[in-house]
Amino acid sequence: MSQTTTTTMRERVPDDVVEDILGQLPVKSLTRFRCVSKSCDSIITDPTFITKHLKLNLNQSESLISTNTHSGYLLYTTKVKNSSPSSKHLCTVVCNNDSTLTQISRFEIPSLFEKYSIVGFCNGLFCLASRDNDLNHIIYLWNPSIRMFKKLLATDKDTTSVIGLAYNSQNNDFKILRLVCFFGGQEAEAQIYSLSTDLWRKVVISMESLRGYEPNFGTIVQIHPPCIFLNGALHTVAFTIRHRFILSFDVNDESFREIMLPPNHLDGVPVNFAQLAVFKGSLAVFVFVHGRRGILCHIWVMEEYGVAESWTRKYMVPMNWVWNGYFFGCTDNGELLIKNATGPVSIDPESPNLNILAIGDADWMGFTANSMESLILLDGGK
């Protein structure tokens with residue numbers, strides 16, 4: 001077919017039809033189609049098309065979850081063999097129902113992120129931050145599928161902060177929540193970034209402003225990572241001088257509320273650490289303790305979201321083999337993702353069986369029900 005004929009056919013196809021066809025294509029194909037013509041590039045990089053493509057992928061991924069022959073996707077970062085110490089890859093593997101793993105993607109992590117760690121991911125977009133005092137005011141959004149990133153500058157450096165990333169489906173916007181505690185005892189502050197506006201806003205978090213707030217607990221002096229996303233809200237553990245609780249942030253109306261922790265969940269036990277996670281779709285607190293019977297993991301699950309009376313201790317899992325390990329969260333099936341002296345493992349709290357994950361060494365692990373790729377940042381990243 002001659003070039004003239006191809007051009008004539010393309011001119012006969014309405015733009016909305018071309019857009020519908022392109023909307024069905026995967027991200028890798030779309031990045032290549034940008035080079036076909038200026039009109040294709042204009043369509044693919046248009047913010048409206050990017051949002052439409054994201055929505056379509058979200059709908060498709062949700063419909064596939066119930067029919068999949070696997071339990072989800074494990075994401076992890078790993079050092080590249082026979083390369084520089086700073087050279088790392090971000091990998092995604094399918095967790096098959098027969099307990100095998102199949103790699104579906106591997107992306108090189110830019111050397112620019114050497115001192116940064118993944119603090120959140122959502123719909124193909126990753127949020128990276130550093131605990132280095134000189135760098136903790138710098139945040140990166142990174143889309144590995146299109147190899148683009150966006151550098152964000154928060155305003156305060158000499159602080160401690162916890163960061164969360166979320167997608168607001170009601171207005172198709174990605175938001176970053178940066179919770180900041182200042183040295184000197186002043187009120188904690190929330191810094192909220194919206195990708196759609198590319199702007200930061202500040203909100204002072206006073207205990208009196210929280211929904212569900214209990215009086216006379218003082219000001220928030222400490223906030224503990226991670227910041228997890230569930231039921232349209234980001235959650236983290238906050239402390240006052242006399243009280244600890246779960247601080248939640250609704251990404252839609254941008255309101256804060258207090259959620260009570262399980263009653264007596266720390267009574268009489270020397271705690272190594274406690275951490276929030278999502279356990280089989282519910283908010284959960286994992287308390288790792290060192291007692292007479294060795295190391296135990298107490299798993300408390302909030303069976304009815306937001307109802308403090310529904311906290312239930314589901315499991316007490318012996319975990320002597322993972323002492324000094326690192327807890328990354330859970331799979332959708334409720335298996336704990338942990339890295340210990342032998343490497344990355346998953347633990348079924350009902351058995352409890354330990355499964356060595358055949359992914360080599362891993363610096364970070366995460367889990368998702370769907371493996372999303374998107375064009376986010378294509379219209380404003382680097």
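Our structure's up above, just so we're on the same page.
Conventions and cut-offs
- Residues numbered from 1 in each chain as written.
- Predicted model: local features only at pLDDT ≥ 70, side-chain atom pairs only at ≥ 80, totals over all residues.
- Heavy atoms only, no water.
- Pairing = 2+ DSSP bridges.
- Helix = DSSP H or I, 4+ residues; strand = E, 2+ residues; numbered from the N terminus.
- Axes fitted to C-alpha atoms, helices over the stretch in contact; angles between N-to-C directions.
- Contact = heavy atoms within 4.5 Å.
- Buried < 20%, exposed > 50% of the residue type's maximum accessible area, 1.4 Å probe, protein only.

Novice: Account for the sheet that holds strand β3 (residues 101-109), naming residues and giving values.
Specialist: Strand pairing in a sheet relies on backbone hydrogen bonds. The paired strands run either parallel or antiparallel. Across the sheet, which stays open at both edges, the four strands sit in the order β3-β2-β1-β24 with antiparallel pairing between neighbours. Taken across any chain shown, the strands that pair with only one partner, and hence form the sheet edges, are β3 and β24 (364-368). Adjacent strand axes in the sheet meet at a mean angle of 20 degrees when their direction is disregarded. Here eight bridges tie strand β1 (residues 70-79) to strand β2 (residues 88-96), and the two strands are oriented antiparallel to one another.

Novice: Can you break down the environment of Ile176 residue by residue, with the values?
Specialist: Among the structural elements, Ile176 can be located in strand β9 (residues 173-182). Residues Ile176 and Leu195 lie 19 residues apart in sequence; the distance between their C-alpha atoms is 8.3 Å. Discounting residues that sit within four places of it in the chain, Ile176 has contacts with Cys127, Ile139, Leu141, Leu152, Ile163, Gly164, Leu165, Gln191, Ile192, Tyr193 and Trp200.

Novice: I'd like to hear about the sheet that holds strand β23 (residues 353-356), residue by residue, with values.
Specialist: Strand order in the open sheet formed by four strands is β20-β21-β22-β23, with antiparallel pairing between adjacent strands. Strands with a single pairing partner mark the edges of an open sheet, and in this sheet they are β20 (326-330) and β23. Strand-to-strand twist across the sheet, computed as the mean angle between neighbouring axes with direction ignored, equals 30 degrees. Of the strand pairs in this sheet, strand β22 (residues 343-348) and β23 are connected by four bridges, and their pairing is antiparallel. Looking at the pairing, Asp348 lines up with Asn353 of β23.

Novice: Would you mind going over the pairing of strand β13 (residues 233-239) in detail, with residue names and values included?
Specialist: Across the seven residues that make up β13, a large majority, seven, are buried. The side-chain alternation of β13 yields two buried faces, one formed by Ala233, His235, Val237 and Phe239 and the other by Leu234, Thr236 and Ala238. Examined bridge by bridge, strand β12 (residues 222-230) and β13 share six bridges and lie antiparallel to one another. Paired with Ile223 across the two strands is Ala238, which belongs to β13.

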